[in-house]
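Coordinates in review
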Amino acid sequence: MMDIDLAVIGGTGVYRLSGIEWLETREMETQYGSPSGPVRIARLGARHIAFLARHGEAHALPPHKVNYRANLKALQDLGAGKILAVNTVGGITGRFGPRVLAVPDQIIDYTWGRISTLCEEPGSEVLHVDFTEPYTASLRTALLKACSAASVAAVDGGCYAATQGPRLESKAEIARLKRDGCDLVGMTGMPEAGLARELGIDYASLCVVANWAAGCDPENAEITLQEVLANVDSVSGCLLPIIDNLLNC
């Protein structure tokens, strides 16, 4: 089996990586069931990456139906010890407007009803992992260096609010998140980050701000899926240079 130097999980609007040499496709099955779709393996220079679309390549899975445990376990079973999660988010505070890239350093979990731990099945080991810093510091640092090396601006830090979805939040809900100290809002940051910690996988997030969250747009414009996808598409060309540099950091 080839060594996987980095696994990438793509969020909304990021279902494939263009301009890359795909070597093979793996249909995986894990003790937690099937992941969201096939894992595609590619070569970048002398390194190998694995790519998985979090919602499936046809975006068929809403956030609360993603089998996060199977996704992470499938990537680990392929030998991935590092995961770059690409998350499409809304911006709450002023630094995080549309088309901004951010590397958050904190997260608050507002989701409910999701299987959020490996400790679910009878007889499984009870894991009390330290989650003080939810993202791996060394991988965050390398990701920020990779952005800089690719001449891509990225905000260092920020608190990600993980909400249930699939609906977007109300203006009052976003106001609450802002009072709680959140800068970004998305629907897939948890339990993914927590499960990565339980599995012992290095994990960092690259957030693509696709829109202002409810009530945060200075122009008070309606949030549309077309706007979200257009904004993600506008910055998706930056992903491959960032990943390429991250492999060498």
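Residues numbered from 1 in each chain as written. Predicted model: local features only at pLDDT ≥ 70, side-chain atom pairs only at ≥ 80, totals over all residues. Heavy atoms only, no water.

1. So, the packing of helix α1 (residues 68-77) against helix α4 (residues 192-199)
Packing of α1 against α4 leaves a shortest axis separation of 10 Å and a crossing angle of 40°. Relative to α4, the element α1 is oriented oblique. Like other packed secondary-structure pairs, α1 and α4 cross with a definite hand, here right-handed. Residues Tyr-68, Arg-69, Leu-72, Lys-73 and Gln-76 of α1 touch α4, and the partners they reach there are Glu-192, Leu-195, Ala-196 and Leu-199. Of the residues in the contact of α1 with α4, the class split is five nonpolar, one polar and three charged. (Axes fitted to C-alpha atoms, helices over the stretch in contact; angles between N-to-C directions. Helix = DSSP H or I, 4+ residues; strand = E, 2+ residues; numbered from the N terminus. Parallel < 35°, antiparallel > 145°, perpendicular 65-115°, else oblique. Left-handed = near helix turned anticlockwise from the far one by under 90°. Contact = heavy atoms within 4.5 Å. Nonpolar A, V, L, I, M, F, W, Y, C, P; charged D, E, K, R; others polar.)

2. A few points about the environment of Cys-182
Mapped onto the elements of the fold, Cys-182 is located in the loop between α3 (171-179) and β10 (184-186). What makes Cys-182 buried here is its relative accessible area of 1%. For Cys-182 and Ala-161, which are 21 residues apart along the polypeptide, the C-alpha to C-alpha distance reads 5.9 Å. If we skip the residues at most four places from it in the chain, Cys-182 touches Ile-92, Thr-93, Ile-108, Tyr-110, Cys-159, Ala-161 and Leu-177. (Buried < 20%, exposed > 50% of the residue type's maximum accessible area, 1.4 Å probe, protein only.)

3. Some remarks on the environment of Gln-164
Turning to its location among the elements, Gln-164 is positioned in the loop between β9 (159-162) and α3. Between the alpha carbons of Gln-164 and Asp-130 there is a distance of 23 Å; along the sequence they are 34 residues apart. One polar contact links the side chain of Gln-164 to the main-chain amide nitrogen of Trp-112, over a distance of 3.0 Å. (Polar contact = N/O pair within 3.5 Å; in protein donor to acceptor, adjacent residues only side chain to side chain.)

4. Remarks on the pattern of salt bridges
All chains considered together, the criterion is met by ten salt bridges. In this structure, Glu-192 engages Arg-54 in a salt bridge whose closest nitrogen and oxygen atoms are separated by 2.9 Å. Of this pair, Glu-192 sits in helix α4 while Arg-54 sits in the loop between β4 (47-53) and α1, and the two are 138 residues apart along the sequence. For the pair shown, Glu-192 and Arg-54 are each scored as buried. Each of Arg-16, Arg-40 and Glu-57 takes part in one network of salt bridges that share partners. (Salt bridge = Lys/Arg side-chain N within 4 Å of Asp/Glu carboxyl O.)

5. Side note on unusual backbone geometry
In the segment running from Gly-165 into Pro-166, the intervening peptide bond is cis, with an omega of -5°. Mapped onto the elements of the fold, Pro-166 is located in the loop between β9 and α3. At the junction of Met-190 and Pro-191, the peptide bond is cis and its omega measures out at 10° in the coordinates. Looking at the element boundaries, Pro-191 is found in the loop between β10 and α4. Even without being a glycine, Ser-151 presents a positive backbone phi close to 60°. Here Ser-151 shows up in the loop between α2 (137-149) and β8 (155-156). Under the relative-accessibility criterion, Ser-151 is labelled exposed at 69%.

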